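Reading the structure
Listed below are the residues making up each chain.
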Amino acid sequence: MAEDLQITVSANKEEQYQTLIPQIAALLEGETDLVANLANIAAALKEQFKWFWVGFYLVKQDELVLGPFQGPVACTRIAKGRGVCGTSWAKAETLIVPDVEEFPGHIACSSLSRSEMVLPLIHRGEVIGVLDVDSSALNEFDETDAKYLNEVISLIKFNA
């Protein structure tokens with residue numbers, strides 16, 4: 001249950017992930033609804049790391065459409081190849097952006113977002129969405145985040 005989420009206070013983000021990932025797995029266990037699971041993942045990540053924005057965009061026809069998220073209101077639709085999310089989708093790869101002001105074509109949903117990381121959700125060889133995390137600090141994300149956020153994504157069960 002969400003009220004049972006144990007937040008780890010540690011300067012070491014690897015320890016934070018190692019404590020959080022089993023809790024996320026428990027939240028998802030037995031739940032088959034994708035939206036419910038994405039919502040709980042976003043909430044758990046936001047609670048643990050206090051990032052500015054955490055959420056999912058899902059591919060619907062030819063664009064990314066806003067899905068479950070935690071944080072201030074966000075851009076609703078993003079074209080393939082546009083901004084960090086659209087570029088991650090187009091390239092089917094994780095993008096770590098230390099300073100969003102330096103990313104060509106960055107979409108500024110909020111001027112408070114300073115760094116960003118986007119990971120593609122791949123099902124049956126196709127990108128079906130992205131996990132987008134934003135921070136109000138520069139250089140927030142690194143390969144440790146990539147490693148563990150990919151573990152989080154691997155917990156998601158997609159409907160057949």
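Here we summarise the structure given alongside this text.

Side note on the overall build of the protein chain
The number of helices and strands found in the protein chain is 4 helices and 6 strands. Each helix and strand of the protein chain, placed in order from N terminus to C terminus, yields the pattern α-α-β-β-β-α-β-β-β-α. Since a compact globule built from 160 residues should have a radius of gyration of about 15 Å, the 15 Å found for the protein chain is in line with a globular shape. The principal-axis extents of the C-alpha atoms in the protein chain amount to approximately 40 × 40 × 25 Å. Of all 160 residues assigned to the protein chain, the portion counted as buried reaches 46%. If you take every contact in the protein chain between residues at least 6 apart in sequence, the share linking residues at least 24 apart comes to 52%. As displayed, the protein chain has an accessible area near 8,200 Å², and 49% of this comes from carbon and sulfur atoms. Distance between charge centroids for the protein chain: 5 Å, based on 12 positive and 23 negative side chains.

Notes on the packing of helix α1 (residues 13-28) against helix α2 (residues 34-49)
At a minimum axis distance of 10 Å, the contact between α1 and α2 shows a crossing angle of 155°. If you check the angle between α1 and α2, you find them roughly antiparallel. Considering only the axes of α1 and α2, their crossing is right-handed. Residues Lys13, Gln16, Tyr17, Leu20, Ile24, Leu27 and Leu28 of α1 pack against Asn37, Asn40, Ile41, Ala44, Leu45, Gln48 and Phe49 of α2.

Describing α1
Look at α1: 22 Å from first C-alpha to last across 16 residues, which is about the 22 Å you get at 1.5 Å a residue. Of all the positions in α1, only Gln16, Tyr17, Leu20, Ile21, Gln23, Ile24, Leu27 and Leu28 are classed as buried. Contacts made by the buried residues of α1 are with α2 and α4 (143-154).

Considerations on the sheet that holds strand β2 (residues 63-70)
Read across the open sheet, the 6 strands follow the order β3-β2-β1-β6-β5-β4; overall the sheet is antiparallel. The outermost strands of the open sheet, each flanked by one partner alone, are β3 (77-79) and β4 (95-97). The average angle at which neighbouring strand axes cross in this sheet is 25°, direction not considered. With 6 bridges joining them, strand β1 (residues 53-60) and β2 adopt antiparallel strand pairing. Bridged to Leu58 within β2 is Val65.

Structural notes on α2
A rise of 1.5 Å per residue sets the reference length of α2, with its 16 residues, at 22 Å; its end C-alpha atoms lie 22 Å apart and thus fit the reference within 8%. The set of residues buried in α2 consists of Leu34, Asn37, Leu38, Ile41, Ala42, Ala44, Leu45, Gln48 and Phe49. Seen from one end, α2 has its buried residues packed into an arc of 165°, which puts them on one side. Residues of α2 that are buried in the fold lie against α1, β1, β2, β6 (126-135) and α4. Measuring from the backbone nitrogen of Val35 back to the side-chain oxygen at the start of α2 gives 3.1 Å, which picks out Asp33 as the cap.

What about the nonpolar core?
Counting residues in each nonpolar core, the largest one holds 31 residues, and the members touching the most others are Leu45, Trp51, Leu131 and Leu149. The biggest single contributor to this core is α2, with 7 residues. The contacts of Leu149, once residues within four sequence positions are left out, are Tyr17, Leu45, Trp51, Met117, Leu119, Leu131 and Val133. If you look at the next biggest cluster of nonpolar residues, it comprises 17 residues, including Phe52, Tyr57, Phe103 and Ile107.

Rules of the game
- Residues numbered from 1 in each chain as written.
- Predicted model: local features only at pLDDT ≥ 70, side-chain atom pairs only at ≥ 80, totals over all residues.
- Heavy atoms only, no water.
- Helix = DSSP H or I, 4+ residues; strand = E, 2+ residues; numbered from the N terminus.
- Rg over C-alpha atoms; globule rule 2.2 N^0.38 Å.
- Buried < 20%, exposed > 50% of the residue type's maximum accessible area, 1.4 Å probe, protein only.
- Contact = heavy atoms within 4.5 Å.
- Areas by Shrake-Rupley, 256 points an atom, 1.4 Å probe, with all protein chains shown as cover.
- Lys, Arg positive; Asp, Glu negative; His and termini not counted.
- Charge placed at Lys NZ, Arg CZ, Asp CG, Glu CD.
- Axes fitted to C-alpha atoms, helices over the stretch in contact; angles between N-to-C directions.
- Parallel < 35°, antiparallel > 145°, perpendicular 65-115°, else oblique.
- Left-handed = near helix turned anticlockwise from the far one by under 90°.
- Expected span 1.5 Å × (residues − 1).
- Pairing = 2+ DSSP bridges.
- Arc of directions from axis to C-beta.
- Polar contact = N/O pair within 3.5 Å; in protein donor to acceptor, adjacent residues only side chain to side chain.
- Core = buried A, V, L, I, M, F, W, Y, C linked by side-chain atoms within 4.5 Å.

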